[in-house]
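A structural walkthrough
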Amino acid sequence: MFGTNGIREVVGQKLTVRFVTDLASAVAYVHPGPGPAVVGTDARTSSPALGRVVSGALSMAGLKVLEIGVLPTPAIQYNVKALRATFGLIVTASHNPPEFNGLKGIAPDGLEFTKETERAVEAAYAGGKFLAQPYDRIGEIGQDTQGASRYVEGILSRVSGDAIRKRKLRVVLDCSNGASVVTSPMLLARLGARYVTLNANPDGTFPGHNSEPTEDNLQGLVQYVRTAGADFGVAHDGDADRAVFVDERGVYVPGEKILTLLARETIKLNGGGTVVTPVTSSDAVAEVIAPYGGKVHFTRVGSPVVSRAMQEQKGAFGGEENGGLIFADHQLARDGAMSLARVMDVLVSSGRTLSQLVADLPPYHLVKRKVRCPIALREKVLAEIPALMDRGNASEVSTLDGVKVRTPEGWVLVRPSGTEPIYRIFAESRDRKTAEGIAEKMAKGVESLVASMEGAA
Ligand code: MG
């Protein structure tokens, strides 16, 4: 039932009142208390209804419930820990299309449920193990209206507020009609920014643009930053655990550049430490943190994996190239508003523009390709991929997630998608043409491998 980021299903198909009731009841069976359960939602059309279904099911199972309303996923994670809750349940489907919704479980430490908890919930669900309480054991349902300000105060305590306020940064904020509407404008106001908002009405039909913050979806933000002469633009995805940026010229900044920039700044401030990031991330990260005593710990792809590895490795900073960044001094969760505050901090402390900061990073080029591969052939193809790679030239081979081979020119990684019948290919080099050449050669190799296996079958 649980994918890499909780449960995401189409509303009215798999995601019914019955399904959500049984699932919430199974969570209550696994974690019957003693603390309150926090229930929060994103801004999707079905979220108010499903949030109430979750609260009702938990209350009927005897748990005390604290409804925290519409908030970004990281804000709910922050509050689960701050309120010493037994767990949190978030009704959200992040950046998925509007027909989706989902559920994400949060442990008392603010991290996503562990795989063990997810398996226990699945077993309770499958076994129909639900708590049925008599009338005098029904849990109280209360409301907490301080979730947004508690979270924003937490972020403010981690940046140089006075210095940032003096600069009166000009910011264009695109909330993508999602949950950040209740927190990021508040944060910008508290940091003395002169800001305008786009798509700042919560609306689960996503009238502004698709809620995934890709360059194509953010053309409105790009135009506005250019017209308004802002210091930068920022956009969140639907549940605001991610932030992506547009520089003062109105140029979209690739996620790996912000990851690299904030990795360096965090390690510099921290006087060394570990950056945790998946195998898909740029070599630029290791290069910029090395002079400050930092080192990289690679993981498999997926933000819950990165969070857990940060906990184990005592990582100072972590994240992925899609704009999901984790700051250990704040919380071990991807956090869009914290990323926004840190970018403001770096702009002010460096006295430079965002485009200058990005231009000064090492000039690595990361190229991504997709190749179709039927799921039935996935394992067979994976076994043959090392033979496609130039291993005579390889200095290092890693099978942590897919297969990654490092050569003097750069590296190439081939990994199957977790959700689609495709292989993803990542290639990086300091030279764009070389990176494109490596990716192209590998794409052709995987394509002909799939074709020959399909022919044989
Ligand atoms: Mg998200």
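Along each chain, the written sequence defines residue order, and numbers are assigned to residues from 1. Confidence filtering applies because this is a predicted model: local features only for residues at pLDDT of at least 70, side-chain atom pairs given and counted only at 80 or more, and all residues used for totals across whole chains, interfaces and linings. Remark: hydrogens and water are excluded; side-chain values derive from all non-hydrogen atoms of the structure.

**Details of the overall build of the protein**
The number of helices and strands found in the protein is 15 helices and 21 strands. As defined in this context, the radius of gyration uses C-alpha atoms, and a globule is described by 2.2 Å times the residue total to the power 0.38. Taken against the 2.2 N^0.38 rule, which gives 23 Å for 457 residues, the C-alpha radius of gyration of the protein at 23 Å falls within 12% of a compact globule. For every residue, the accessible area obtained with a 1.4 Å probe (protein chains only) is divided by the maximum for its type, and the residue is called buried under 20%, exposed over 50%, and partly exposed between those limits. When each of the 457 residues of the protein is scored for burial, the buried share is 57%. We call two residues in contact whenever any of their non-hydrogen atoms come within 4.5 Å of each other. Long-range contacts, defined as pairs at least 24 residues apart, comprise 69% of the intrachain contacts of the protein with a sequence gap of at least 6. What sets the accessible areas is the Shrake-Rupley method with a 1.4 Å probe; for residues, cover comes only from the shown protein chains. Summed over its atoms, the accessible surface of the protein is roughly 18600 Å², and 52% of this surface lies on carbon and sulfur atoms. None of His or the chain ends enter the tally, which takes Lys and Arg as positive and Asp and Glu as negative. Working definition for charges: the position is that of NZ of Lys, CZ of Arg, CG of Asp or CD of Glu. Distance between charge centres in the protein, computed from 51 positive and 50 negative side chains, equals 3 Å. For helices the rule is a DSSP run of H or I covering at least 4 residues; for strands it is a run of E covering at least 2, with both sets numbered from the N terminus onward.

**Looking at the sheet that holds strand β4 (residues 87–91)**
As summarised here, the arrangement of the six strands in space is β1-β5-β4-β2-β3-β6, forming an open sheet in which the pairing is mixed. Every interior strand has two partners, whereas the edge strands, β1 (7–10) and β6 (141–143), have only one. Between one strand axis and the next, the sheet turns by 20° as a mean value, whatever way the strands run. Pairing of β1 with strand β5 (residues 100–106) involves four bridges; the strand directions are antiparallel. Considered in β5, the bridge of valine 10 is made with phenylalanine 100. Taken strand by strand, helix α3 (residues 73–82) contacts β2 (37–41), β3 (65–70), β4 and β5, and its axis lies near 165° from that of β4. Any two strands are treated as partners once DSSP identifies two or more bridges connecting them. Convention adopted: a line fitted to C-alpha atoms gives each axis, helices being fitted over their contacting stretch, and angles between N-to-C directions are expressed from 0 to 180 degrees.

**Focus: the coordination of the magnesium ion**
In this analysis a donor is any N, O or S atom within 2.8 Å of a metal ion (3.2 Å for sodium, potassium and calcium), and since water is not included, sites may seem incomplete. Protein coordination of the magnesium ion is provided by Ser94 (OG), Asp237 (OD), Asp239 (OD) and Asp241 (OD), with donor distances spanning 2.0 to 2.2 Å. The sequence pattern describing where the donors of the magnesium ion fall on their chain is S-x142-D-x1-D-x1-D. Each member of the pair, aspartate 237 as well as aspartate 239, carries the same accessibility label: buried.

**Some remarks on the side chain of serine 355**
Within the secondary structure layout, serine 355 lies in helix α13 (residues 354–359). The term polar contact refers here to a pair of N or O atoms within 3.5 Å; inside protein, the definition further demands a hydrogen-donor-capable atom paired with an acceptor-capable atom, and it admits residues adjacent in sequence only when both atoms are side-chain atoms. Polar contacts involving the side chain of serine 355 include one to the side chain of glutamate 248, which spans 2.5 Å. Of note is the side chain of serine 355, whose polar atom sits 3.3 Å from the side chain of threonine 353. With near-sequence residues (within four places) excluded, serine 355 lies in contact with Asp247, Glu248 and Arg249.

**So, the environment of leucine 262**
Tracing the backbone shows leucine 262 in helix α9 (residues 255–270). Every residue in contact with leucine 262, bar those within four places of it in the chain, is listed here: Phe317, Leu325, Phe327, Ser339, Arg342, Val343 and Val346.

**Observations concerning helix α4 (residues 115–126)**
Expected span of a helix, by definition, is 1.5 Å for each gap between consecutive residues, and there is one gap fewer than residues. End to end, α4 covers 16 Å across twelve residues, agreeing with the expected 16 Å (1.5 Å per residue, within 8%). The set of residues buried in α4 consists of Thr117, Glu118, Val121 and Ala124. Looking straight down α4, one finds its buried side chains confined to an arc of 125°; they lie on one side. For α4, exposure combined with an orientation more than 90 degrees from the buried face picks out Glu116 and Ala126. To be clear, the arc concerns the directions from the helix axis to the C-beta atoms.

**Re the domain arrangement of the protein**
Marked domain ranges trace back to an automatic or database domain assignment. What the domain assignment reports for the protein is domain 1 (7–147), domain 2 (158–252), domain 3 (255–359) and domain 4 (365–456). If you average the C-alpha positions of domain 2 and of domain 4, the two centres end up 35 Å apart.

**With respect to the nonpolar core**
Throughout this description, the term nonpolar core refers to a set of buried Ala, Val, Leu, Ile, Met, Phe, Trp, Tyr and Cys residues connected via side-chain atoms within 4.5 Å. Of all hydrophobic cores here, the largest spans 58 residues; its most connected members are Leu187, Phe232, Phe245, Met344 and Leu354. Looking at which element gives the most residues to this core, the answer is helix α12 (residues 336–350), with nine residues. When residues no more than four places from it in sequence are discounted, the contact partners of phenylalanine 245 are Phe232, Gly233, Val234, Val251, Tyr252, Val253, Ile258, Ser339, Leu340, Val343 and Leu354. Core analysis: the second largest hydrophobic core is formed by 28 residues, Ala37, Val91, Val121 and Ala124 among them.

**What about the sheet that holds strand β17 (residues 365–372)?**
Strand order in the open sheet formed by five strands is β17-β21-β20-β19-β18, and the pairing between neighbours is antiparallel. A single partner strand is all that each edge strand has here, and the edge strands are β17 and β18 (396–398). Neighbour-to-neighbour, the strand axes of this sheet turn through a mean angle of 15°, independent of strand direction. In this sheet, strand β20 (residues 410–416) lies alongside strand β19 (residues 403–407) in antiparallel orientation, the contact comprising five bridges. In the sheet register, valine 405 faces β20, and the bridge partner there is valine 412. On top of the sheet, helix α14 (residues 378–388) reaches β19, β20 and β21 (422–429); it is set at about 25° to β21, its chief contact.

**Regarding the packing of aromatic side chains**
How two aromatic rings sit relative to each other is given by the distance of their centres and the angle of their planes. In summary, the pairing rule links any two rings of Phe, Tyr or Trp, Trp by its six-membered ring, whose centres are within 6.5 Å, and it sorts them by plane angle into stacked for under 30 degrees, edge-to-face for over 60 and tilted for everything else. If you walk through the whole model with that rule in mind, you get five aromatic pairs. Between the aromatic rings of phenylalanine 87 and phenylalanine 113, the centroid separation amounts to 6.5 Å while the plane-to-plane angle is 65°, which identifies the pairing as edge-to-face. With a gap of 26 residues between them, phenylalanine 87 in strand β4 and phenylalanine 113 in the loop between β5 and α4 connect regions that are remote in the sequence. Seen from the ring of tryptophan 411, lysine 404 lies directly overhead, with NZ or CZ sitting 4.2 Å from the centre. It is arginine 430 that lies over the ring of tyrosine 364; its NZ or CZ is 4.9 Å from the centre. Look at NZ for Lys and CZ for Arg. If either is within 6 Å of the ring centre and within 35 degrees of the ring normal, a charge sits over the ring.

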